[in-house]
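Breakdown of the fold
Below are the chains, spelled out letter by letter.
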Amino acid sequence: MHIKTTLAAAVLSIVLSAQAQTAATPPSVAAHYATLVHANYEDALTTARTMQGAIKAFTAAPSADTQAAARKAWLMAREFYGQTEAFRFYGGPIDNDSGPEGRINAWPMDESYVDAVDGKKTAGLVNNRKQAITKKALSGLNERGGEENIATGWHAIEFMLWGQDTSDTGPGNRSFEDFVDGKAPNADRRRQYLTVVTELLVDDLSSLVKAWAPGQKANYRAKFEKGGNESLRKMFVSLGSLSRGELAGERLEVALASQDQEDEHSCFSDNTHRDAVTNARGIENVWLGRFTRVDGSLVQGPSLRDLVAAKNAALADKTTQQIRDSVKAAEAIPAPFDRAIAGPKDAPGRVSIEKTIASLTAQSNDIVAAATAVGITKLTLVQP
């Protein structure tokens, strides 16, 4: 009897799942997207807090081991933040007029704006003892006087942990002694700076989690879930813009053309190859309505793909495959990225990046076609 009951429940689950797929509607897709966004930002925040704990341990007792643990935690947190890039480009909480995106993930960075670099031993905010190091002060100084004057966010933390990347074969190799009193000038301010920019990052990620939190009457999520086709349009705009303008364009084509490691996204840690993968995976997450959480659980529900499949199954399948191909292409970019962009046009690294750019460009066209199939036209995408 128990076996029959279990079997019946399993069959019912399959039927309900199939019905849910068939019954995907603009409201259900928008609602599930909000659930997925919240889950991803929540995991980005959780892993950032883990990083914050590792950085606290490092600044309390600087050593090679505590520095390595802080670096490892930064890399782990980036895996989840990178996937959230698929929630940008439509004036949502991350990048509206008052959004924190510029404080969180701005790049490329003029390192000398923050700290000493080769040839400039007294440069930067860290070495100006008259400059207050507070969340308010650093937030105000971020991008002041120029887009590369970046004082906060992932890449400021990255620079503090790794230092300048002057190696052809590996990442930056800042000594932990830069944070030890008596070993380096202004070590106390370096510890303070790293602590404060990490606190600010956690604050900004917390604000995004709140903006997408369920069960609220007046936050962004509540409005988004009621947005109908306008919410769908925002989803398509985000995917198309990240595919072509941002990832293929700003993050890959620019560096490929300049062959300059200063133009790579995570240049201090040599993590740019993973940035490309997580960004591409974020697009796939939204398209499929699927996200694998930090605890291994799966968030899944009605998706853009389901809506498009109901109108044009062949186009839905084509787009799904193209997006999968882009993830695979990004995964094939060799590390370190600053070596992959070097050399002649037929160098293996450059060929792999070109292949990724071509796949992302093709998928942006498929995304526009998919939007048209469900009645969403006149998409304004970010262009390279």
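Looking only at helices and strands, the chain features 14 helices and two strands. For the chain, the spread of C-alpha atoms along the three principal axes comes to 70 × 50 × 45 Å. Counting over 384 residues, the chain shows a buried share of 54%. For the chain, contacts bridging at least 24 residues in sequence account for 73% of all contacts bridging at least 6. With an accessible surface of roughly 16500 Å², the chain has 54% of that area assigned to carbon and sulfur atoms. Of the side chains in the chain, 43 bear a positive and 46 a negative charge, and the two mean positions are spaced by 6 Å.

Let us now look at the nonpolar core. Core analysis: the biggest nonpolar cluster contains 105 residues, and Trp154, Tyr193, Trp212 and Phe236 have the highest contact counts within it. Here this core gets 15 residues from one element, more than from any other, and that element is helix 2 (residues 26–60). Sequence-distant contacts of Trp154, that is, excluding residues within four places in its chain, are made with Ala48, Met51, Trp74, Ala77, Arg78, Tyr81, Ile104, Asn105, Leu201 and Leu205.

With that settled, consider the packing of helix 2 against helix 3 (residues 64–81). Contact pair helix 2 / helix 3: the axes reach a minimum separation of 8 Å and the direction vectors enclose 170°. It follows that helix 2 is roughly antiparallel to helix 3 by the angle criterion. The segment helix 2 lies against helix 3, with Asn40, Asp43, Ala44, Thr47, Ala48, Thr50, Met51, Ala54, Ile55, Ala57 and Phe58 engaging Thr66, Gln67, Ala69, Ala70, Ala73, Trp74, Met76, Ala77, Phe80 and Tyr81. Of the residues contributing to the contact of helix 2 with helix 3, the split by class is 15 nonpolar, five polar and one charged.

Let's shift gears to the packing of aromatic side chains. Aromatic rings considered in pairs are described by the distance between their centres and by the relative angle of their planes. Scanning the model with the defined rule gives 14 aromatic pairs in all. Considering the side-chain rings of Phe58 and Phe179, the 4.8 Å spacing of their centres and the 65° angle between planes classify their relative orientation as edge-to-face. Here Phe179 lies in the loop between helix 6 (154–162) and helix 7 (187–211) and Phe58 lies in helix 2, a separation of 121 residues in the sequence. With 5.4 Å between their ring centres and 65° between their planes, Trp212 and Phe224 make a pair best called edge-to-face. Note that Trp212 is positioned in the loop between helix 7 and helix 8 (220–225) and Phe224 in helix 8, a separation of 12 residues in sequence. The buried category is assigned to Trp212, whose relative accessible area is 1%. Here the basic side chain of Arg174 rests over the ring of Phe159, its NZ or CZ set 5.0 Å away from the ring centre.

Here we take up the environment of Val308. Relative to the elements of secondary structure, Val308 occurs in helix 11 (residues 304–311). Linking Val308 and Lys72, residues 236 residues apart in sequence, is a C-alpha distance of 40 Å. Among residues more than four places away in sequence, those in contact with Val308 are Phe236, Trp287, Ala313, Leu315, Ala316, Ala370, Ala373 and Val374.

For the rest of this paragraph, the subject is unusual backbone geometry. A cis amide bond, omega -10°, links Trp107 with the succeeding residue Pro108. Its place among the elements puts Pro108 in the loop between helix 4 (101–105) and helix 5 (135–141). Here the residue pair Ala335 and Pro336 is connected by a cis peptide bond, since its omega of -5° sits within 30 degrees of zero. Structurally, Pro336 is set in the loop between helix 12 (313–331) and helix 13 (337–340). If you check the backbone angles, Glu143 has positive phi at about 65° while not being a glycine.

A rise of 1.5 Å per residue sets the reference length of helix 3, with its 18 residues, at 26 Å; its end C-alpha atoms lie 26 Å apart and thus fit the reference within 8%. For helix 3, the set of buried residues is Thr66, Gln67, Ala70, Arg71, Ala73, Trp74, Ala77, Arg78, Glu79, Phe80 and Tyr81.

Contact geometry of helix 10 (residues 272–288) with helix 12 gives a least axis separation of 8 Å together with a crossing angle of 165°. When the axis of helix 10 is compared with that of helix 12, the two are roughly antiparallel. Where helix 10 crosses over helix 12, the handedness of that crossing is left-handed. For the pair helix 10 and helix 12, the contacting residues are His273, Ala276, Val277, Ala280, Arg281, Ile283, Glu284, Trp287 and Leu288 in the first and Ala316, Thr319, Thr320, Ile323, Arg324, Ser326, Val327, Ala330 and Glu331 in the second. Residue composition of the contact of helix 10 with helix 12, grouped by class: 10 nonpolar, four polar and four charged.

When pLDDT is averaged along the chain, the result is 93, and 94% of the positions lie at 70 or above. A low-confidence stretch, residues 1–22 (pLDDT under 50), is modelled with one contact involving residues beyond four sequence positions or located in other chains.

Further remarks concern the pattern of salt bridges. When the charged atoms of two side chains lie near each other, side chains of opposite charge can form a pair. Applying the stated criterion to the full structure yields 26 salt bridges. Note that Arg305 is salt-bridged to Asp317, the shortest N-O span being 3.0 Å. Linking Arg305 in helix 11 with Asp317 in helix 12, this pair joins segments that are 12 residues apart in sequence. The exposure class of Asp317 is partly exposed, given its relative accessible area of 43%.

Here is what the cut-offs are and how they apply
- Residues numbered from 1 in each chain as written.
- Predicted model: local features only at pLDDT ≥ 70, side-chain atom pairs only at ≥ 80, totals over all residues.
- Heavy atoms only, no water.
- Helix = DSSP H or I, 4+ residues; strand = E, 2+ residues; numbered from the N terminus.
- Buried < 20%, exposed > 50% of the residue type's maximum accessible area, 1.4 Å probe, protein only.
- Contact = heavy atoms within 4.5 Å.
- Areas by Shrake-Rupley, 256 points an atom, 1.4 Å probe, with all protein chains shown as cover.
- Lys, Arg positive; Asp, Glu negative; His and termini not counted.
- Charge placed at Lys NZ, Arg CZ, Asp CG, Glu CD.
- Core = buried A, V, L, I, M, F, W, Y, C linked by side-chain atoms within 4.5 Å.
- Axes fitted to C-alpha atoms, helices over the stretch in contact; angles between N-to-C directions.
- Parallel < 35°, antiparallel > 145°, perpendicular 65-115°, else oblique.
- Nonpolar A, V, L, I, M, F, W, Y, C, P; charged D, E, K, R; others polar.
- Phe/Tyr/Trp six-rings, centres within 6.5 Å; stacked < 30°, edge-to-face > 60°.
- Lys NZ or Arg CZ within 6 Å of the ring centre and 35° of its normal.
- Expected span 1.5 Å × (residues − 1).
- Left-handed = near helix turned anticlockwise from the far one by under 90°.
- pLDDT = per-residue confidence, 0-100.
- Salt bridge = Lys/Arg side-chain N within 4 Å of Asp/Glu carboxyl O.

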